[in-house]
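Fold and contact review
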Amino acid sequence: MSPPDNYPVERLIATLAVHRATIYTQKVFHSFVKGTVSKDDKSPVTIGDFGAQALVIAAIRHNFPDDEIIAEEESSLLRSNSDLCDQVWKLVSQISLPNGEEDSQLGGPLKSEDAMLDAIDSGKSAGGSTGRIWALDPIDGTLGFLRGGQYAVCLALIQDGEVVVAALGCPNLPIDKTARVINSESGRGDQSDDGLGVLFSAVAGHGASIRPLTGESGAEEQPIQMREPPSLSLATFCEGVESAHSSHNQQKAIAERLGIVAASVQLDSAAKYGVIARGSADIYLRLPRTLSYEEKIWDHAAGYLVVKEAGAEVTDAIGNRIDFGKGRTLVTNKGIVAAPRAIHGKVLEAVRAVRGI
Ligand SMILES: Nc1ncnc2c1ncn2[C@@H]1O[C@H](COP(=O)(O)O)[C@@H](O)[C@H]1OP(=O)(O)O
Ligand SMILES: [Mg+2]
Ligand SMILES: [Mg+2]
Ligand SMILES: [Mg+2]
């Protein structure tokens, strides 16, 4: 029997591409959000999203030209606003990985503004349950990005409906897993980037790992595992900052039912998956506010695999498996419940009780 595929090239390219995109998003943050460049009317989020998407997609297409891509953004706004387009291009064309050899593995710098637009528009796959499809969120947690809190660059490869490779870049998560996470309330103030920035990666059946975003690929790469809370009541749960994105009330009620005493750790973006995967907290609850909202595949694919490979069970709020083979959204799922395998059943019981199902 042949050994299971561990996707060495896909994992390498995914991590390098996400790393390069985080160099770009950090540059956008420092130039526009912290204000060395005038904001004018151009949203730093828009500049960040488009450029990061172009940089990642160009790398995927260079290495895997036959693969499909689902990405959050498309270029019509840039095509109709040449000022904005020039501004994104000016920044994108300056970005490379510190190691030139690694950058050339991604195809080197983008060649032209047209090539950038073309890359941005290559993320329109309809998805589905067959073939190789990459899912990309160039900046997840845009509000966190603007606040100087948590955001993530999320990239995953889905093969025949299963997530098989993940890279999750979290530029504002502390490298020290015991350090306090900067959340939206405190923002980062004048705190520097020192000690911040991690890149999670995972391959289905081969575990999850973390490395600092500083340094070269492979440097200080370490396997990660969820922690096992000594009891449910001593577990910590994570939730989003935005109460419009998930039901804080229900999440509080679930925690209370489980006897959890600690306050929730609130942070934006898929960084929540990373935080529980490396054992800085235990449970991620994302209870739907409205049943009409369809979670997007690019918001969850990468984080899902990272946390699963670190020891989690992940279902939706009904208890169904998360199905990444249904198109651009998780149309058959509602919400997310991620917890260590040993306690997921208990958490789900509490979720059901609170939701009355
Ligand atoms: N009503 C909603 N319910 C759940 N998630 C949402 C909702 N509206 C937006 N989102 C998505 O939540 C993600 C951020 O999650 P969190 O709040 O946990 O940081 C974003 O990708 C955002 O998508 P979008 O990019 O379209 O704004
Ligand atoms: Mg998102
Ligand atoms: Mg996004
Ligand atoms: Mg968005």
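Residues numbered from 1 in each chain as written. Chains lettered and ligands numbered in written order. Predicted model: local features only at pLDDT ≥ 70, side-chain atom pairs only at ≥ 80, totals over all residues. Heavy atoms only, no water.

It is worth spelling out the site of ligand 1 at this point. Neighbouring residues of ligand 1: Glu72, Asp140, Gly240, Ala244, His245, Asp268, Ser269, Lys272, Arg286, Tyr293, Glu295 and Asp299. At 3.0 Å from an oxygen atom of ligand 1 is found a side-chain nitrogen or oxygen belonging to Asp140. Within the side chain of His245, a nitrogen or oxygen atom sits 2.6 Å from an oxygen atom of ligand 1. In isolation ligand 1 offers 560 Å² of accessible surface; the protein chains occlude 77% of this area. Class assignment of the residues belonging to the shell around ligand 1 gives a composition of two nonpolar, three polar and seven charged. (Near = heavy atom within 4 Å. Polar contact = N/O pair within 3.5 Å; in protein donor to acceptor, adjacent residues only side chain to side chain. Areas by Shrake-Rupley, 256 points an atom, 1.4 Å probe, with all protein chains shown as cover. Nonpolar A, V, L, I, M, F, W, Y, C, P; charged D, E, K, R; others polar.)

What follows deals with the coordination of the magnesium ion (ligand 3). Of the protein atoms, only Glu72 (OE), Asp137 (OD) and Ile139 (O) coordinate the magnesium ion (ligand 3), at distances of 2.1 to 2.2 Å. Written as a sequence motif, the donor arrangement for the magnesium ion (ligand 3) is E-x64-D-x1-I. In this structure the magnesium ion (ligand 2) is found 3.7 Å away from the magnesium ion (ligand 3), and Asp137 serves as a bridging donor for the pair. One end of the pair, Glu72, is in the loop between strand E1 (68–71) and helix H3 (76–79); the other, Ile139, is in strand E2 (residues 132–140), with 67 residues separating them in the sequence. (Donors = N, O, S within 2.8 Å, 3.2 Å for Na, K, Ca; no water. Helix = DSSP H or I, 4+ residues; strand = E, 2+ residues; numbered from the N terminus.)

UniProt's entry tags Glu72, Asp137, Ile139, Asp140 and Asp299 with the feature "binding site: Mg(2+)" (unreviewed entry), counted in the numbering of this structure. In sequence the annotated residues extend across 228 residues, while in space they remain close, none of their C-alpha pairs exceeding 9.5 Å. By the secondary structure assignment, Asp137 is in strand E2. Residue Asp137 is classed as buried on the basis of its relative accessible area, which comes to 1%. Excluding residues that lie within four positions of it along the chain, Asp137 makes contacts with Glu72, Ala152, Val153, Cys154, Trp298 and Asp299. Given the relative accessible area of 1%, Ile139 is considered buried. Setting aside chain neighbours within four positions, we find Ile139 in contact with Thr25, Gly48, Asp49, Glu72, Phe145, Tyr151 and Ala152. (UniProt positions renumbered as here; feature names shortened; annotations may be inferred. Buried < 20%, exposed > 50% of the residue type's maximum accessible area, 1.4 Å probe, protein only. Contact = heavy atoms within 4.5 Å.)

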